[in-house]
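Letter by letter, the chains look like this.
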Amino acid sequence: GLSPSKIASIVGVANVVGNQHRAKSGGNVSNSIRIALKNEITIKTLLNLCQSPFEDQATAAYTLLRNIATHQWGLESVALSGGVLETLLDRAGGSGSSPQANEWRFATLQAIAKTMRSHPLVTRYIDKPTQDRILEFVKQGPYYSKITPQVKVATATK
């Protein structure tokens, strides 16, 4: 696993990114942080950390991924990092299947949905069917499970 100082660094960056978004004072995440976070390798590394069996690592990674997704540039970066949205939308455990992972995945997709609604240019990097899947996921909640009806046939026994 990651050292406590590396985990604290991820949380620190997540707080900077999140606080910049919440400030709404026109301040932007510093250019160097934004450039580093827009990197596909960074986004995929975060996604891998989200799948970590170590709760502190997964929580830190999900926090940063969620906070990145609150920015238009971050949403674009997440969307263009191949397979990230698909993994987040995979309820069968694509990005962890523990109750905590379900909650963090849901919070991340909520942030993505909110950012999608506030940026009309989102269709440039997230197609309509994927947008619909994200909105449906958020509507269904973190613990939704598709129930497949099954018919049980009674058999005669002697």
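Here the structure is shown first, and the text comes after it.
To keep things clear, this report deals only with the structure shown in the data block. (Residues numbered from 1 in each chain as written. Predicted model: local features only at pLDDT ≥ 70, side-chain atom pairs only at ≥ 80, totals over all residues. Heavy atoms only, no water.)

## With respect to the overall build of the protein
As a reminder of what qualifies: Numbered from the N terminus, helices here are DSSP runs of H or I no shorter than four residues, and strands are runs of E no shorter than two. Exposure categories follow from relative accessible area, calculated using a 1.4 Å probe and restricted to protein chains: below 20% of the type maximum is buried, above 50% is exposed, and the middle band is partly exposed. In this description, contact between two residues means that some pair of their heavy atoms is separated by no more than 4.5 Å. The method behind every accessible area is Shrake-Rupley, applied with a 1.4 Å probe, and residues are considered shielded solely by the protein chains displayed.
Within the protein one finds 8 helices and 0 strands. When the elements of the protein are put in sequence order from the N terminus, they spell out α-α-α-α-α-α-α-α. Each of the 158 residues in the protein was classed as buried or not, and the buried ones make up 40%. Within the protein, counting contacts between residues at least 6 apart in sequence, those at least 24 apart form 69% of the total. Looking at the protein as shown, the accessible area adds up to about 9,300 Å², and 55% of this sits on carbon and sulfur atoms.

## A short note on the nonpolar core
Basically, it comes down to this: By nonpolar core is meant a set of buried Ala, Val, Leu, Ile, Met, Phe, Trp, Tyr and Cys residues that side-chain atoms within 4.5 Å join together.
Counting residues in each nonpolar core, the largest one holds 37 residues, and the members touching the most others are Leu64, Ile68, Val78, Leu88, Ile112, Ile126 and Ile134. Mapped by element, the contributors of at least two residues to this core are helix H1 (4–23), helix H3 (40–50), helix H4 (55–68), helix H5 (72–80), helix H6 (84–89), helix H7 (99–118) and helix H8 (128–140). Ranked by residues supplied to this core, first place goes to H7 with 7 residues.

## Considerations on the environment of His71
Note on placement: His71 falls in the loop between H4 and H5. Residue class for His71 comes out buried when judged on its relative accessible area of 10%. Taking the C-alpha atoms as reference points, His71 and Gly18, separated by 53 residues in sequence, lie 9.1 Å from one another.

## What to know about the side chain of Thr108
Its place among the elements puts Thr108 in helix H7. Each residue touching Thr108, except ones within four places of it in the same chain, is listed here: Tyr62, Leu65, Arg66 and Leu88.

## Quick notes on the environment of Pro4
Topologically, Pro4 is positioned in helix H1. Between the C-alpha atom of Pro4 and that of Gln57, which follows or precedes it by 53 residues, the distance is 9.0 Å.

## Overview of the pattern of salt bridges
To keep it simple, the criterion reads: Any carboxyl oxygen of Asp or Glu that lies within 4 Å of a side-chain nitrogen of Lys or Arg is treated as forming a salt bridge with it.
Summed over the entire model, instances satisfying the criterion amount to 1 salt bridge. Salt-bridge contacts for Lys128 lead to Asp132; the nearest nitrogen and oxygen are separated by 2.8 Å. With Lys128 and Asp132 both in helix H8 and 4 residues apart, the pair spans about one turn of that helix. With relative accessibility at 35%, the residue Asp132 sits in the partly exposed group.

## A short note on the environment of Thr45
Mapped onto the elements, Thr45 comes out in helix H3. When the C-alpha atoms of Thr45 and Ala61 are compared, they prove to be 8.8 Å apart, with 16 residues separating the residues in sequence.

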